[in-house]
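These are the residues of each chain, in order.
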Amino acid sequence: MAFKVIHWVILARLLLQIANIYARVPAIIVFGDSTVDSGNNNQISTILKSNFDPYGRDFIGGPTGRFSNGRVPTDFICEAFGIKPTIPAYLDPAYDIKDFATGVCFASAGTGYDNATSDVLSVIPLWKELEYYREYQKDLRGYLGDEKANEILGEALYLISIGTNDFLENYYVLPKRASEFSIEEYQNFLAGIAGNFIKELYNLGARKMSVGGLPPMGCLPLERTTKLFSGSKCIEEYNDAAKDFNEKLEGLIASLNKELTGLRLTFSNPYDMLFQMIQNPKSFGFEDAATACCGTGLFELGYLCDKMNPFTCSDANKYVFWDSFHPTEKTNAILADHLVKTSLAQFLW
Ligand SMILES: *[C@@H]1O[C@H](CO)[C@@H](O)[C@H](O)[C@H]1NC(C)=O
(Lines give C-alpha, C1' and ligand atoms only; values in the text may rest on other atoms or scores of the structure.)
Protein backbone atom coordinates (compact mmCIF):
# COMPACT_ATOMS: atom_id res chain seq x y z
CA MET A 1 0.00 0.00 0.00
CA ALA A 2 2.66 2.50 1.09
CA PHE A 3 4.65 1.36 -1.90
CA LYS A 4 1.79 2.27 -4.25
CA VAL A 5 1.37 5.71 -2.70
CA ILE A 6 5.03 6.44 -3.23
CA HIS A 7 4.62 5.38 -6.84
CA TRP A 8 1.80 7.87 -7.33
CA VAL A 9 3.82 10.63 -5.73
CA ILE A 10 6.70 9.93 -8.08
CA LEU A 11 4.38 9.79 -11.06
CA ALA A 12 2.69 13.06 -10.12
CA ARG A 13 6.06 14.74 -9.73
CA LEU A 14 7.17 13.41 -13.07
CA LEU A 15 4.04 14.70 -14.79
CA LEU A 16 4.55 18.09 -13.22
CA GLN A 17 8.12 18.14 -14.45
CA ILE A 18 7.00 17.24 -17.96
CA ALA A 19 4.38 20.00 -17.84
CA ASN A 20 7.07 22.46 -16.77
CA ILE A 21 9.35 21.36 -19.55
CA TYR A 22 6.56 21.83 -22.06
CA ALA A 23 6.09 25.38 -20.83
CA ARG A 24 9.78 26.07 -21.13
CA VAL A 25 9.49 28.38 -24.09
CA PRO A 26 6.66 30.73 -23.09
CA ALA A 27 7.29 33.24 -25.89
CA ILE A 28 9.06 33.62 -29.21
CA ILE A 29 10.79 36.91 -29.90
CA VAL A 30 11.90 37.70 -33.44
CA PHE A 31 14.50 40.07 -34.87
CA GLY A 32 15.45 40.35 -38.51
CA ASP A 33 14.43 41.19 -42.07
CA SER A 34 11.75 40.21 -44.60
CA THR A 35 12.37 36.51 -44.05
CA VAL A 36 10.52 36.97 -40.73
CA ASP A 37 8.80 40.41 -40.80
CA SER A 38 5.11 39.92 -39.98
CA GLY A 39 4.00 43.48 -40.77
CA ASN A 40 6.24 46.11 -39.17
CA ASN A 41 7.00 47.77 -42.51
CA ASN A 42 3.27 48.53 -42.90
CA GLN A 43 3.70 51.17 -40.20
CA ILE A 44 6.77 53.00 -41.53
CA SER A 45 7.52 55.15 -44.59
CA THR A 46 9.31 52.83 -46.95
CA ILE A 47 8.53 51.61 -50.44
CA LEU A 48 9.30 48.05 -49.32
CA LYS A 49 5.85 46.73 -48.40
CA SER A 50 3.68 43.71 -49.05
CA ASN A 51 0.37 44.40 -47.31
CA PHE A 52 -1.67 44.04 -50.51
CA ASP A 53 -2.82 41.31 -52.88
CA PRO A 54 -1.57 38.90 -54.03
CA TYR A 55 0.70 38.79 -50.91
CA GLY A 56 -1.05 36.84 -48.19
CA ARG A 57 -3.25 35.14 -50.78
CA ASP A 58 -3.13 31.90 -48.76
CA PHE A 59 -3.11 33.55 -45.32
CA ILE A 60 -6.35 33.48 -43.33
CA GLY A 61 -7.59 37.07 -43.46
CA GLY A 62 -5.45 38.08 -46.44
CA PRO A 63 -2.34 40.27 -46.76
CA THR A 64 -0.45 41.17 -43.56
CA GLY A 65 2.88 42.59 -44.66
CA ARG A 66 4.53 39.16 -44.68
CA PHE A 67 6.61 38.72 -47.85
CA SER A 68 4.98 35.47 -48.90
CA ASN A 69 1.65 34.03 -49.96
CA GLY A 70 1.15 32.80 -46.40
CA ARG A 71 3.08 32.37 -43.20
CA VAL A 72 6.80 32.90 -42.63
CA PRO A 73 9.13 30.35 -40.93
CA THR A 74 8.92 31.95 -37.49
CA ASP A 75 5.11 31.52 -37.51
CA PHE A 76 5.53 27.80 -38.13
CA ILE A 77 8.20 27.56 -35.43
CA CYS A 78 5.93 29.33 -32.95
CA GLU A 79 3.16 26.86 -33.77
CA ALA A 80 5.52 23.89 -33.41
CA PHE A 81 6.38 25.10 -29.91
CA GLY A 82 2.68 24.90 -29.07
CA ILE A 83 2.35 28.64 -28.51
CA LYS A 84 0.26 30.10 -31.36
CA PRO A 85 0.08 29.90 -35.17
CA THR A 86 1.36 33.40 -35.97
CA ILE A 87 3.66 36.00 -34.40
CA PRO A 88 2.27 39.57 -34.43
CA ALA A 89 4.31 42.58 -35.55
CA TYR A 90 5.30 44.91 -32.73
CA LEU A 91 4.23 48.07 -34.60
CA ASP A 92 0.82 46.68 -35.62
CA PRO A 93 -1.79 48.74 -33.71
CA ALA A 94 -4.21 45.79 -33.81
CA TYR A 95 -2.12 44.04 -31.11
CA ASP A 96 -0.98 44.96 -27.62
CA ILE A 97 1.13 43.64 -24.78
CA LYS A 98 -1.39 40.86 -24.03
CA ASP A 99 -0.64 39.40 -27.47
CA PHE A 100 3.07 40.21 -27.35
CA ALA A 101 3.50 38.39 -24.02
CA THR A 102 3.63 35.07 -25.92
CA GLY A 103 5.45 36.25 -29.03
CA VAL A 104 6.44 39.41 -30.81
CA CYS A 105 8.22 40.31 -34.04
CA PHE A 106 10.53 43.33 -34.34
CA ALA A 107 11.76 42.44 -37.84
CA SER A 108 11.72 44.86 -40.76
CA ALA A 109 11.92 43.87 -44.42
CA GLY A 110 14.98 45.29 -46.17
CA THR A 111 17.12 45.70 -43.07
CA GLY A 112 20.54 44.25 -42.30
CA TYR A 113 23.28 44.00 -39.70
CA ASP A 114 24.89 47.08 -41.28
CA ASN A 115 23.25 50.47 -40.59
CA ALA A 116 23.98 51.41 -44.20
CA THR A 117 21.71 48.58 -45.38
CA SER A 118 18.60 49.77 -43.53
CA ASP A 119 19.24 53.27 -44.96
CA VAL A 120 18.87 52.03 -48.54
CA LEU A 121 15.08 51.60 -48.32
CA SER A 122 14.50 53.62 -45.11
CA VAL A 123 13.56 50.64 -42.99
CA ILE A 124 14.13 49.84 -39.31
CA PRO A 125 17.83 49.42 -38.46
CA LEU A 126 18.81 46.51 -36.22
CA TRP A 127 19.79 48.81 -33.34
CA LYS A 128 16.27 50.24 -33.46
CA GLU A 129 14.76 46.74 -33.30
CA LEU A 130 16.69 46.39 -30.04
CA GLU A 131 15.32 49.74 -28.81
CA TYR A 132 11.82 48.44 -29.47
CA TYR A 133 12.71 45.30 -27.55
CA ARG A 134 13.78 47.40 -24.53
CA GLU A 135 10.46 49.22 -24.70
CA TYR A 136 8.70 45.84 -24.88
CA GLN A 137 10.52 44.64 -21.76
CA LYS A 138 9.21 47.67 -19.87
CA ASP A 139 5.67 47.11 -21.11
CA LEU A 140 5.81 43.43 -20.20
CA ARG A 141 6.98 44.24 -16.66
CA GLY A 142 4.15 46.77 -16.36
CA TYR A 143 1.67 44.18 -17.57
CA LEU A 144 2.79 41.07 -15.64
CA GLY A 145 4.96 42.43 -12.83
CA ASP A 146 8.75 42.16 -12.67
CA GLU A 147 8.99 38.55 -11.53
CA LYS A 148 6.69 36.95 -14.11
CA ALA A 149 7.95 39.21 -16.91
CA ASN A 150 11.60 38.43 -16.16
CA GLU A 151 10.81 34.73 -16.12
CA ILE A 152 9.24 34.96 -19.59
CA LEU A 153 12.09 37.10 -20.95
CA GLY A 154 14.65 34.61 -19.63
CA GLU A 155 12.86 31.49 -20.86
CA ALA A 156 11.73 32.89 -24.24
CA LEU A 157 13.30 31.74 -27.49
CA TYR A 158 14.93 34.55 -29.48
CA LEU A 159 15.13 34.06 -33.24
CA ILE A 160 17.40 36.27 -35.34
CA SER A 161 17.13 36.08 -39.13
CA ILE A 162 19.03 38.74 -41.04
CA GLY A 163 22.00 39.36 -43.34
CA THR A 164 21.00 38.67 -46.96
CA ASN A 165 20.26 42.34 -47.64
CA ASP A 166 23.71 43.40 -46.47
CA PHE A 167 25.05 41.60 -49.51
CA LEU A 168 22.31 41.80 -52.15
CA GLU A 169 20.92 45.26 -51.41
CA ASN A 170 24.15 46.85 -50.24
CA TYR A 171 27.64 45.35 -50.77
CA TYR A 172 27.13 43.96 -54.28
CA VAL A 173 25.10 46.87 -55.67
CA LEU A 174 26.29 50.06 -53.96
CA PRO A 175 29.85 51.40 -54.23
CA LYS A 176 30.46 52.55 -50.63
CA ARG A 177 30.93 49.31 -48.68
CA ALA A 178 32.61 47.58 -51.63
CA SER A 179 35.20 50.38 -51.75
CA GLU A 180 35.79 50.20 -47.98
CA PHE A 181 35.90 46.42 -47.46
CA SER A 182 36.95 43.29 -49.31
CA ILE A 183 34.17 40.70 -49.18
CA GLU A 184 35.91 38.90 -46.35
CA GLU A 185 36.43 42.11 -44.39
CA TYR A 186 32.78 42.95 -44.84
CA GLN A 187 31.77 39.50 -43.55
CA ASN A 188 33.94 40.06 -40.48
CA PHE A 189 32.42 43.51 -40.02
CA LEU A 190 28.90 42.01 -40.10
CA ALA A 191 29.84 39.13 -37.80
CA GLY A 192 31.19 41.72 -35.33
CA ILE A 193 27.83 43.50 -35.33
CA ALA A 194 26.07 40.14 -34.89
CA GLY A 195 28.27 39.35 -31.89
CA ASN A 196 27.57 42.70 -30.25
CA PHE A 197 23.86 42.30 -30.85
CA ILE A 198 23.83 38.87 -29.19
CA LYS A 199 25.80 40.20 -26.22
CA GLU A 200 23.36 43.05 -25.78
CA LEU A 201 20.42 40.64 -25.84
CA TYR A 202 22.22 38.45 -23.32
CA ASN A 203 22.83 41.44 -21.04
CA LEU A 204 19.12 42.21 -21.26
CA GLY A 205 18.31 38.71 -19.97
CA ALA A 206 17.93 36.55 -23.09
CA ARG A 207 19.40 33.03 -22.81
CA LYS A 208 17.91 30.85 -25.55
CA MET A 209 18.81 32.19 -28.94
CA SER A 210 19.05 31.12 -32.55
CA VAL A 211 20.97 32.95 -35.26
CA GLY A 212 19.89 32.18 -38.80
CA GLY A 213 22.40 31.49 -41.55
CA LEU A 214 22.21 32.97 -45.03
CA PRO A 215 20.32 31.12 -47.78
CA PRO A 216 21.93 30.22 -51.13
CA MET A 217 21.36 33.85 -52.13
CA GLY A 218 22.83 33.45 -55.60
CA CYS A 219 19.83 31.24 -56.44
CA LEU A 220 17.12 33.79 -55.64
CA PRO A 221 15.14 34.33 -58.87
CA LEU A 222 15.99 38.06 -58.92
CA GLU A 223 19.70 37.26 -58.90
CA ARG A 224 19.32 34.54 -61.51
CA THR A 225 17.52 37.02 -63.76
CA THR A 226 20.68 39.11 -63.97
CA LYS A 227 22.20 36.02 -65.64
CA LEU A 228 19.24 35.48 -67.91
CA PHE A 229 21.34 35.37 -71.04
CA SER A 230 23.80 32.84 -69.71
CA GLY A 231 21.16 30.29 -68.78
CA SER A 232 19.92 31.92 -65.54
CA LYS A 233 22.14 29.78 -63.35
CA CYS A 234 22.67 30.46 -59.66
CA ILE A 235 25.38 33.05 -59.08
CA GLU A 236 28.18 31.05 -57.47
CA GLU A 237 30.00 34.08 -56.13
CA TYR A 238 26.95 34.99 -54.01
CA ASN A 239 26.43 31.42 -52.83
CA ASP A 240 30.08 31.21 -51.82
CA ALA A 241 29.78 34.50 -49.92
CA ALA A 242 26.78 33.06 -48.07
CA LYS A 243 28.62 29.85 -47.19
CA ASP A 244 31.70 31.75 -46.01
CA PHE A 245 29.61 34.08 -43.88
CA ASN A 246 27.72 31.11 -42.40
CA GLU A 247 31.05 29.59 -41.37
CA LYS A 248 32.02 32.80 -39.63
CA LEU A 249 28.68 32.83 -37.81
CA GLU A 250 29.26 29.26 -36.65
CA GLY A 251 32.64 30.23 -35.25
CA LEU A 252 31.14 33.25 -33.53
CA ILE A 253 28.37 31.12 -32.00
CA ALA A 254 30.84 28.56 -30.65
CA SER A 255 32.94 31.25 -28.99
CA LEU A 256 29.96 33.13 -27.51
CA ASN A 257 28.60 29.90 -26.02
CA LYS A 258 31.94 29.47 -24.23
CA GLU A 259 32.21 33.09 -23.19
CA LEU A 260 28.69 33.82 -21.87
CA THR A 261 27.60 31.67 -18.93
CA GLY A 262 24.17 30.12 -19.30
CA LEU A 263 23.79 31.14 -22.94
CA ARG A 264 22.28 28.55 -25.28
CA LEU A 265 22.95 29.96 -28.72
CA THR A 266 22.29 27.79 -31.73
CA PHE A 267 22.87 28.15 -35.46
CA SER A 268 19.80 27.70 -37.66
CA ASN A 269 21.15 27.19 -41.13
CA PRO A 270 18.64 27.13 -43.99
CA TYR A 271 21.34 26.91 -46.67
CA ASP A 272 21.54 23.17 -47.37
CA MET A 273 17.82 22.46 -47.11
CA LEU A 274 16.91 25.33 -49.42
CA PHE A 275 19.69 24.43 -51.83
CA GLN A 276 18.33 20.87 -52.03
CA MET A 277 14.85 22.22 -52.79
CA ILE A 278 16.28 24.44 -55.52
CA GLN A 279 18.38 21.65 -57.05
CA ASN A 280 15.71 19.02 -56.83
CA PRO A 281 12.29 20.70 -56.55
CA LYS A 282 10.32 17.65 -57.69
CA SER A 283 11.41 15.53 -54.74
CA PHE A 284 9.72 18.09 -52.47
CA GLY A 285 6.58 18.28 -54.60
CA PHE A 286 7.51 21.53 -56.35
CA GLU A 287 7.51 22.09 -60.11
CA ASP A 288 9.64 25.22 -60.37
CA ALA A 289 12.56 26.57 -58.37
CA ALA A 290 14.15 28.91 -60.92
CA THR A 291 11.35 31.45 -61.27
CA ALA A 292 8.82 32.70 -58.72
CA CYS A 293 5.02 32.44 -58.60
CA CYS A 294 4.31 36.17 -58.65
CA GLY A 295 4.20 37.82 -62.07
CA THR A 296 6.76 36.62 -64.60
CA GLY A 297 8.69 35.24 -61.62
CA LEU A 298 11.84 36.96 -62.85
CA PHE A 299 11.95 40.27 -61.00
CA GLU A 300 8.62 41.13 -59.33
CA LEU A 301 8.82 42.01 -55.65
CA GLY A 302 6.95 44.45 -53.39
CA TYR A 303 4.74 46.87 -55.40
CA LEU A 304 5.77 45.18 -58.67
CA CYS A 305 4.12 42.00 -57.40
CA ASP A 306 0.72 43.36 -58.34
CA LYS A 307 -2.66 41.68 -58.29
CA MET A 308 -3.30 42.83 -61.87
CA ASN A 309 -0.27 40.95 -63.15
CA PRO A 310 -1.67 38.32 -65.54
CA PHE A 311 1.32 36.00 -65.19
CA THR A 312 1.00 35.20 -61.48
CA CYS A 313 0.70 31.45 -60.92
CA SER A 314 -2.50 29.92 -59.62
CA ASP A 315 -0.96 27.41 -57.21
CA ALA A 316 1.93 28.75 -55.15
CA ASN A 317 2.59 25.26 -53.75
CA LYS A 318 4.20 24.37 -57.07
CA TYR A 319 6.88 27.01 -56.55
CA VAL A 320 9.85 27.24 -54.20
CA PHE A 321 9.72 31.04 -54.48
CA TRP A 322 6.72 33.30 -54.08
CA ASP A 323 8.25 36.52 -55.41
CA SER A 324 11.69 37.05 -56.92
CA PHE A 325 13.29 37.30 -53.46
CA HIS A 326 11.12 35.33 -51.01
CA PRO A 327 10.03 31.70 -50.55
CA THR A 328 6.46 30.47 -50.75
CA GLU A 329 4.63 29.44 -47.61
CA LYS A 330 5.25 25.81 -48.48
CA THR A 331 9.01 26.38 -48.63
CA ASN A 332 8.82 28.29 -45.33
CA ALA A 333 6.96 25.37 -43.72
CA ILE A 334 9.60 22.86 -44.88
CA LEU A 335 12.45 25.08 -43.64
CA ALA A 336 10.78 25.68 -40.27
CA ASP A 337 10.07 21.97 -39.81
CA HIS A 338 13.69 21.17 -40.55
CA LEU A 339 14.96 23.71 -38.00
CA VAL A 340 12.51 22.58 -35.30
CA LYS A 341 13.83 19.03 -35.72
CA THR A 342 17.49 20.04 -35.71
CA SER A 343 18.93 23.28 -34.28
CA LEU A 344 15.82 24.22 -32.28
CA ALA A 345 14.93 20.73 -30.99
CA GLN A 346 16.98 21.30 -27.82
CA PHE A 347 14.52 24.00 -26.76
CA LEU A 348 11.44 21.79 -27.19
CA TRP A 349 12.26 19.35 -24.41
C1 LIG B 1 24.49 52.10 -36.03
O2 LIG B 1 23.82 53.29 -35.65
C3 LIG B 1 23.56 53.41 -34.27
C4 LIG B 1 22.72 54.64 -34.03
O5 LIG B 1 23.29 55.76 -34.61
C6 LIG B 1 24.87 53.45 -33.50
O7 LIG B 1 24.61 53.51 -32.12
C8 LIG B 1 25.67 52.19 -33.82
O9 LIG B 1 26.93 52.25 -33.21
C10 LIG B 1 25.83 52.03 -35.33
N11 LIG B 1 26.47 50.73 -35.59
C12 LIG B 1 27.63 50.60 -36.22
C13 LIG B 1 28.18 49.24 -36.36
O14 LIG B 1 28.22 51.55 -36.71
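Keep in mind the model is a prediction, meaning the values are calculated, not measured.

Scoring rules and cut-offs
- The numbers attached to residues start from 1 for each chain and follow its sequence in the written order.
- Two thresholds apply to this predicted model, a pLDDT of at least 70 for residue-level local features and 80 or more for giving and counting side-chain atom pairs, whereas whole-chain, interface and lining totals are computed over all residues.
- As a rule here, side-chain values cover all heavy atoms of the structure and leave hydrogens and water aside.
- Pairs of cysteine sulfur atoms within 2.5 Å are identified as disulfides in what follows.
- Put simply, DSSP marks the helices as runs of H or I at least four residues long and the strands as runs of E at least two long, and each gets a number from the N terminus on.
- The classification of residues rests on relative accessible area computed with a 1.4 Å probe and restricted to protein chains. Under 20% of the type maximum is buried, over 50% is exposed, and intermediate values are partly exposed.
- Here the expected span of a helix is defined as 1.5 Å times the quantity of residues minus one.
- Throughout, a residue-residue contact means that at least one pair of heavy atoms, one from each residue, lies within 4.5 Å.
- Strands qualify as paired when DSSP identifies two bridges or more between them.
- Where helices are involved, their axes are fitted lines through C-alpha atoms of the stretch in contact, as for all axes, and angles between N-to-C directions lie from 0 to 180°.

*Asks:* Even after reading the chapter, I still don't get the state of the cysteines, so can you show me in this structure?
*Replies:* In protein structure, a disulfide is the covalent linkage between the sulfur atoms of two cysteines. Inspection of every chain in the model, using the stated rule, returns three disulfides. Disulfide pairing is shown between Cys-219 and Cys-234; the S-S distance is 2.2 Å. Its S-S torsion of about 115 degrees marks the bond between Cys-219 and Cys-234 as right-handed, since a negative value means left-handed. Note that Cys-219 is positioned in the loop between β4 (208–212) and α10 (221–225) and Cys-234 in the loop between α10 and α11 (236–259), a separation of 15 residues in sequence. For Cys-234, a relative accessible area of 16% puts it in the buried group. Two residues share a disulfide in this structure: Cys-294 and Cys-305, whose sulfurs sit 2.1 Å from each other. Its S-S torsion of about 110 degrees marks the bond between Cys-294 and Cys-305 as right-handed, since a negative value means left-handed.

*Asks:* Would you explain helix α13 (residues 329–341) in this entry?
*Replies:* Given 3.6 residues per helical turn, the α-helix brings residues three or four places apart onto the same face. For α13, which comprises 13 residues, the first-to-last C-alpha distance of 18 Å matches the rise-based estimate of 18 Å (1.5 Å per residue) to within 8%. Glu-329, Thr-331, Asn-332, Ile-334, Leu-335, Ala-336, Leu-339 and Val-340 are the residues of α13 that are buried. For α13, the elements touching its buried residues are α2 (73–80), β5 (264–268) and α12 (271–279).

*Asks:* Looking at this structure, how should I read unusual backbone geometry?
*Replies:* For residues besides glycine, phi is generally negative; the peptide bonds are generally trans as well. The amide bond that connects Asp-53 to the next residue, Pro-54, takes the cis arrangement and shows omega of 0 degrees. Along the chain, Pro-54 falls in the loop between β1 (28–32) and α2. Phi at Ser-122 is positive, roughly 50 degrees, even though this residue is not glycine. Among the residues examined, Ser-122 registers a relative accessible area of 46% and is labelled partly exposed.

*Asks:* In this structure, what is going on with the sheet that holds β4? I would like to understand it.
*Replies:* Strand pairing within a sheet occurs via backbone hydrogen bonds; the two strands may be parallel or antiparallel. Across the sheet, five strands lie side by side as β2-β1-β3-β4-β5; this open sheet has parallel pairing. What marks the edges here is a single partner per strand, and that holds for β2 (103–105) and β5. If you compare each strand with its neighbour and ignore which way they point, the axes differ by 15 degrees on average. Sheet analysis places strand β3 (residues 157–161) next to β4, joined by four bridges and oriented parallel. Bridged to Tyr-158 within β4 is Met-209.

*Asks:* What is the right way to look at the pairing of β4 in this model?
*Replies:* Two faces, one strand: in a regular strand the side chains alternate between the faces of the sheet. Counting buried residues in β4 gives five out of five residues, a clear majority hidden from the surface. The alternating pattern of β4 places Lys-208, Ser-210 and Gly-212 on one face and Met-209 and Val-211 on the opposite face, and all of these are buried. As defined by bridge partners, β4 adjoins β5 across five bridges and the pair is classed as parallel. The residue bridging Gly-212 from the neighbouring strand is Ser-268, located in β5.

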